[in-house]
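So the chains spell out like this:
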Amino acid sequence: MNPVEEKESPVQKYGSDQDTDYFDCGEDSINSFLKKNAVVNQKRGVSQIFCLRENVDGVGKPVIGYYTLSAAAIPSSGVDREIIKGVPLGYDAPVILLGRIGIDKRHQGKGHGEFLLMDALERAMNASNDLGVVGVVLDALNEDVASWYQSYGFITLDESKMFIPMKAIKALFR
Ligand SMILES: CC(C)(COP(=O)(O)OP(=O)(O)OC[C@H]1O[C@@H](n2cnc3c(N)ncnc32)[C@H](O)[C@@H]1OP(=O)(O)O)[C@@H](O)C(=O)NCCC(=O)NCCS
């Protein structure tokens, strides 16, 4: 799998040529973010949004799925020192937040979720060459989805917060 963005990549930054009208991943907050907040959010630099689109001709390519990335920090207290090695004691650990990820219900269970998750992790790994980050963090919506993330190497930090260290991300792409 090599989801690095190129002209031909099916994963593109959110833009006006994407059709989000029919997007429904089954989670209202993830649907409404894409339809109502994505434009402003991206414009203001709060998060960057990446979409997997259907490969159809013309403008208005339907969105199959999307994810968002932002810079974030997690308190290093209470986190196993081994996984945030190098972060000075008492300082927050710099991370990338995978804020949202969703696949349209009609396309779920076909590997698109894994593809987008890997794309997000690879993008975070590449960003870590230019920006100090020790891993990727997210809030799992529920226990089922937490087990999905665990299968890729995420560990639970507290009730819903999950984390994958950069070292583990790099190992996924070796
Ligand atoms: C979670 C989600 C992104 C996965 O996308 P997907 O394209 O369906 O996943 P894939 O096809 O790549 O992977 C399918 C595998 O993941 C498992 N899986 C998918 N969604 C899951 C979930 N919510 N809970 C537990 N396991 C899940 C499937 O059982 C399947 O396992 P199998 O291959 O052993 O059969 C998608 O189901 C979705 O958009 N859910 C609603 C929004 C959501 O919960 N987002 C996460 C917010 S934290």
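This text gives an overview of the structure that appears in the document.

What counts as what
- Just so you know, the residues in each chain are numbered from 1, in the order the chain's sequence is written.
- Local features in a predicted model are, by the rule used here, given only for residues with pLDDT of at least 70; side-chain atom pairs are given and counted only at 80 or more, and totals for whole chains, interfaces and linings are based on all residues.
- In DSSP terms, a helix is any run of H or I states spanning at least four residues, a strand is any run of E spanning at least two, and both are numbered starting from the N terminus.
- Between the two quantities, the radius of gyration covers C-alpha atoms and the globule rule is 2.2 Å times the number of residues to the power 0.38.
- Buried residues are those with 20 or more other C-beta atoms within 10 Å of their own C-beta, exposed residues have 12 or fewer, and partly exposed residues lie in between; C-beta atoms are placed from the backbone.
- As used in this record, a residue near a molecule or strand is one whose C-beta atom, placed from the backbone, is within 6 Å of it.
- The nonpolar class holds Ala, Val, Leu, Ile, Met, Phe, Trp, Tyr, Cys and Pro. Asp, Glu, Lys and Arg form the charged class, and all remaining residues, Gly among them, are polar.
- Working definition: the nonpolar core is a set of buried Ala, Val, Leu, Ile, Met, Phe, Trp, Tyr and Cys residues, joined through C-beta atoms within 7 Å.
- By the convention adopted here, residues are in contact when the distance between their C-beta atoms, placed from the backbone, does not exceed 7 Å.
- Pairing between strands is defined by DSSP: at least two bridges between the two strands are required.
- A crossover counts as right-handed when, viewed with the strands pointing away from the observer, the path leading from the first strand over the helix to the second turns clockwise.
- Given a helix with a known number of residues, its expected span is that number minus one, times 1.5 Å.

## Digging into the overall build of the protein
Looking only at helices and strands, the protein features four helices and eight strands. Listed by position from the N terminus, the elements making up the protein come as β-β-α-β-β-β-α-β-α-β-β-α. Taken over the C-alpha trace, the protein has a radius of gyration of 16 Å; the compact-globule value for 174 residues is 16 Å, and the two agree within 12%. Taken along the three principal axes of its C-alpha coordinates, the protein extends 50 × 35 × 30 Å. The burial tally for the protein puts 32% of its 174 residues in the buried class.

## Considering the site of the ligand
Neighbouring the ligand are 20 residues; Cys25, Gln108, Gly113, Glu114 and Asp144 lie closest to it. Residue assignment for the shell around the ligand shows that the elements contributing at least two residues are strand E5 (92–103), helix H2 (112–127) and helix H3 (143–150). Here the shell around the ligand gets four residues from one element, more than from any other, and that element is H3. Partitioned by chemical class, the residues of the shell around the ligand number eight nonpolar, eight polar and four charged.

## Observations regarding the nonpolar core
Grouped together as the largest cluster of nonpolar side chains are 40 residues, with contacts concentrated most on Cys51, Tyr66, Val95 and Val136. Of all the secondary structure elements, the ones that give two or more residues to this core are helix H1 (28–43), strand E3 (48–53), strand E4 (61–75), E5, H2, strand E6 (135–139), strand E8 (161–165) and helix H4 (166–172). Ranked by the residues each element gives to this core, the list is headed by E5, at six residues. In this structure cysteine 51 touches Val11, Gln12, Tyr14, Gln18, Val63 and Tyr66, once residues within four positions along its chain are discounted.

## Things to note about the environment of proline 10
Mapped onto the elements, proline 10 comes out in the segment before strand E1 (11–13). Proline 10 has contacts with Leu52, Arg53 and Asn55, leaving out every residue within four places of it along the chain.

## Some remarks on the pairing of E5
Among the 12 residues in E5, nine count as buried, and that is most of the element. For E5 and E6, the ladder comprises two bridges, and the chain directions are parallel. Looking at the pairing, isoleucine 96 lines up with valine 136 of E6. Of the crossover connections in this fold, the one passing from E5 over H2 to the parallel E6 is right-handed.

## Re the pairing of E4
Direction of pairing for strand E2 (residues 18–19) relative to E4: parallel, over a ladder of two bridges. The partner of glutamine 18 across the bridge, within E4, is lysine 61. Pairing of E3 with E4, which is carried by six bridges, proceeds in the antiparallel orientation. Across the sheet, residue glutamine 48 finds its bridge partner in E4, namely leucine 69. Taken together, the 10 bridges between E4 and E5 define a ladder with antiparallel strand orientation. Its bridge partner lying in E5, alanine 71 is registered against isoleucine 96.

## Description of the environment of glutamine 12
Residue position: glutamine 12 is located in strand E1. For glutamine 12, a count of 18 C-beta atoms within 10 Å puts it in the partly exposed group. In sequence terms glutamine 12 and phenylalanine 50 are 38 residues apart; their C-alpha atoms lie 5.4 Å from each other. Filtering out sequence-adjacent residues up to four positions away, glutamine 12 remains in contact with Cys51 and Arg53.

## Remarks on H2
In this model H2 runs 22 Å from its N-terminal to its C-terminal C-alpha over 16 residues, within 8% of the 22 Å that 1.5 Å per residue would give. For H2, every residue scored as buried is listed here: Gly113, Leu116, Leu117, Asp119, Ala120, Leu121, Glu122, Arg123 and Ala124. Packing partners of the buried residues in H2 comprise E1, E3, E4, E5, E6 and H4.

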